[in-house]
Every structure is written in structure tokens, then in C-alpha cells.
Amino acid sequence: MQPPFDGKIWFWPAPVPGICFNEIMKRHFALGVFLYFCCVLPSQGGGFDMLRQNMVEEVLAEVAASSPYSGRDTLSPAVITAMKKVERHHFVPTWLAMFAYLNRPLPIGYGQTISQPLIVALMTDLLQLKEGDKVLEIGTGSGYQAAVLAEIVKSVYSIEIIEPLGKEAAERLKSLGYSNVEVRLGDGYYGWPETAPFDAIIVTAAASHVPPPLLKQLKPGGRMLIPLGAHFMTQYLMVVEKQTDGSVTSRQIVPVSFVPLTGGH
Ligand code: SAM
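Quantities reported herein were computed from a predicted structural model and do not represent experimental measurements. (Residues numbered from 1 in each chain as written. Predicted model: local features only at pLDDT ≥ 70, side-chain atom pairs only at ≥ 80, totals over all residues. Heavy atoms only, no water.)

A. Region of interest: a nonpolar patch on the surface. The grouping of Met98, Phe99 and Leu102 at the surface amounts to a nonpolar patch, some 240 Å² of accessible area in total. Here Met98 falls in the partly exposed class, since its relative accessible area comes to 31%. (Patch = residues over 30% accessible without salt bridge, like charges linked within 9 Å, V, L, I, M, F, W, Y side chains within 5 Å. Areas by Shrake-Rupley, 256 points an atom, 1.4 Å probe, with all protein chains shown as cover. Salt bridge = Lys/Arg side-chain N within 4 Å of Asp/Glu carboxyl O. Buried < 20%, exposed > 50% of the residue type's maximum accessible area, 1.4 Å probe, protein only.)

B. Geometry of the layout of surface pockets. For the largest pocket, the calculated volume is near 550 Å³. Considering the residues around the largest pocket, the lining is formed by 36 residues, among which Gln112, Thr113, Thr204, Ala205 and Val259 are closest to the centre. Looking at the lining of the largest pocket, the elements with two or more residues in it are β2 (112-114), α5 (117-126), β3 (134-138), α6 (144-150) and β4 (155-160). Looking at the lining of the largest pocket residue by residue, the class counts come to 18 nonpolar, 15 polar and three charged. (1 Å grid on protein atoms, 1.4 Å probe; cavity = no way out; pocket = protein on both sides within 12 Å on 5 of 7 lines; lining within 4 Å. Points joined across faces, edges and corners; volume = space filled by probe spheres on them. Helix = DSSP H or I, 4+ residues; strand = E, 2+ residues; numbered from the N terminus. Nonpolar A, V, L, I, M, F, W, Y, C, P; charged D, E, K, R; others polar.)

C. Spotlight on the site of the ligand. The full set close to the ligand counts 27 residues, and Ser142, Glu160, Asp187, Gly188 and Thr262 are the nearest of them. Between a nitrogen atom of the ligand and a main-chain N or O atom of Gly139, the distance comes to 3.0 Å. For the ligand, a nitrogen atom lies 2.8 Å from a polar atom in the side chain of Asp187. If the ligand stood free it would expose 600 Å²; the protein chains cover 99% of that surface. Judged by the fraction of its atoms near the pocket grid, the ligand is located in the largest pocket. (Near = heavy atom within 4 Å. Polar contact = N/O pair within 3.5 Å; in protein donor to acceptor, adjacent residues only side chain to side chain. Sits in = over half its atoms within 2 Å of the grid points.)

D. Local environment of the packing of aromatic side chains. On inspection of all chains with the given rule, the structure shows five aromatic pairs. Both rings, one in Phe91 and one in Tyr144, keep their centres 5.7 Å apart while their planes meet at 65°; by these two values the pair is edge-to-face. Residue Phe91 is found in the loop between α4 (77-85) and β1 (106-109), and its partner Tyr144 is found in helix α6; the two are separated by 53 residues along the sequence. For the pair Phe91 and Tyr144, one class covers both residues: buried. Between Tyr189 and Tyr190, the ring centres sit 5.2 Å apart and the planes meet at 75°, which makes this aromatic pair edge-to-face. Accessibility expressed as a relative area gives 43% for Tyr190, which makes it partly exposed. Members of the aromatic cluster, joined through ring pairs, are Tyr157, Trp192 and Phe198. The residue whose ring lies beneath Arg88 is Tyr144, and the NZ or CZ to ring-centre distance is 5.6 Å. (Phe/Tyr/Trp six-rings, centres within 6.5 Å; stacked < 30°, edge-to-face > 60°. Lys NZ or Arg CZ within 6 Å of the ring centre and 35° of its normal.)

E. Geometry of the pairing of β3. Most of β3 sits out of view: four of its five residues are buried. When β3 meets β4, the two strands line up parallel, connected through five bridges. Looking at β4, one finds that Lys134 is bridged to Ser155. In this view, the connection linking β3 to its parallel neighbour β4 by way of α6 has right-handed handedness. Sheet topology places β3 next to strand β6 (residues 198-203); four bridges connect them, and they run parallel. If you follow Glu137 over to β6, its bridge partner there is Ile202. (Pairing = 2+ DSSP bridges. Right-handed = clockwise from strand over helix to strand, strands pointing away.)

F. Seen up close, the nonpolar core. Core analysis: the largest hydrophobic core is formed by 55 residues, its most contacted members being Leu75, Met83, Leu129, Tyr144, Leu225 and Leu237. Ignoring any residue separated from it by four or fewer positions in sequence, one finds Met83 in contact with Arg52, Met55, Val56, Pro117, Val120, Ala121, Tyr144 and Val148. Listed in part, the 20 residues of the second largest apolar core include Trp192, Ala205, Leu218 and Leu228. (Core = buried A, V, L, I, M, F, W, Y, C linked by side-chain atoms within 4.5 Å. Contact = heavy atoms within 4.5 Å.)

G. Focus on the sheet that holds strand β9 (residues 248-256). One open sheet holds the seven strands; their spatial order is β5-β4-β3-β6-β7-β8-β9, and the pairing between them is mixed. Every interior strand has two partners, whereas the edge strands, β5 (181-185) and β9, have only one. Across the sheet, the mean angle separating the axes of adjacent strands is 15° when strand polarity is ignored. Running at roughly 165° to β5, helix α7 (residues 163-175) makes contact with β4 and β5 of the sheet. (Axes fitted to C-alpha atoms, helices over the stretch in contact; angles between N-to-C directions.)

Structure (C-alpha cells):
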């Protein structure tokens, strides 16, 4: 029988019924839980695999709930597969690895964040990517979004303005085997003219307007996903489409909250 709760932590099932934790045992117990989550689970891919599957289920439920705004009631099979495959715990600081599969943005240093999995999935899905596509990302950050894209398309070009973040992301992506991602340091406002045009462009920081150089580097028939709006004000995720005749249309998807697109432009 379980001992009655008296405010102490009980070891149950108790080897000797009725023995409760003293202070030292409590500390050992807490340390054990901490080590389990920080060391044992991370070292067994299995624990994270399960958390990642749950995260994707949660993302799918939220995509369905936001379908009146996004027009998407589910994600394409390619996006679901990529989200299930990319190991987000490699893209967050080690001390946050245990929170990597929460559907939340997390800090990655230098005042920047890794985007919320729902937003990564939705933006990737709205790009309507094809296997042979060449994609430009502005705002490499941790490299997570680039990895998700790289699971789906032939080549990804990603630009990061904060040097240490860009260098770390490039090394991380290389060590994880993403040979189809190239990272460059610089102001993404100006795009990557030498490798343009791109089938799709994704901007992962909020801009006040669509950067004209990016629009120029988008192929006719191509799509750009970009959050527009000022920091701390309402921002909207926009789909910008360049028609085959060169004309441009845009539509608002969902309200979002991104760090600002910085740089000297
Ligand atoms: N996509 C990232 C990921 O998967 O981790 C998250 C991006 S974070 C929300 C936005 C990133 O955009 C930051 O790393 C920030 O330094 C970068 N950024 C802001 N302005 C930029 C600019 N003008 N050019 C390139 N990167 C920029």
C-alpha cells in the first residue's frame, strides 16, 4: 500500500515500506533525475526519437487548428518526414537539449532564437518545394530550418549576419552530413546574386518591407515566405509570389513574432 502523503518525498515502491528520503537522499534523487534528462536520455537517441514524434503530432494538430488562416489543414508528406527526421536537440545549446522537442522557440545566444517547430513546418510547407529546387534562406541562426529544407530540396544557400552563429551553424550542418547546405556570412537583405535565381526564398527574421534584391533573385513562378512588421508590433507571415509574367502578388497568412532583420540596408 502507498504510504500516506505527508509532504515528504517517498521512495515508492519502497524496498523497506515506510522509509522516506532524508535530505541527502532527496538531493541524490534530484541529481539522478537531472542526470537522466541531461545525460542518459540525450545519449540514447531513443528518448529523443519519441519526443520528436510527439512534437510532430502537436505541430500537425496546430496546423489543422490554424487552417482557417493558413489554408493548410495538414503538412505535405515531405515536410512531415523532414520534421520527424531532423534532430532539433543538435541545434540548441546543450543545456537546453531536454527542451528541444517542445513546440517553442528557444534561445541560441547573441539575442537570437531557433524558431518554433510549428513555424518552421508551416513556412517550409507554404514554400511548396520540389525535390530539385534551389532555396535561399536569410537568417541561418542555428541551422535547423536549413536542415529541414535540405531534407527536401537539392540545394540550400543560407546567409547569417552574426559571424559566430553562422560559423557554428556551418560546422554543425557539416558534422551532421548536410552537404547540400552552403552558409555565408553577411547581410541577407542583398541576397546571394552569384547563385541566383532561386526557386524559393525564406526569410526567418522580420523585415519592414520585402527586400527588392530578394524579389529580383526569385525565379518567375517562385515563392518567398517572409515575416513583415516591426519588432514588438504585430508582424504577419506573408507569401509573396512572382508570377511567370514577372508580376508580384502577396497574401497574409498568420500573425507571428520574429526577431528583426538587421543590417545596414
Ligand atoms: N532559421 C533559424 C534557425 O533555424 O535557427 C532561426 C532564425 S532567427 C529567428 C533569425 C536569424 O536571422 C538570426 O540568427 C539573426 O542573426 C539573423 N539575421 C537578422 N538579420 C539578418 C540579415 N540582415 N542577414 C542575415 N541574417 C540576419
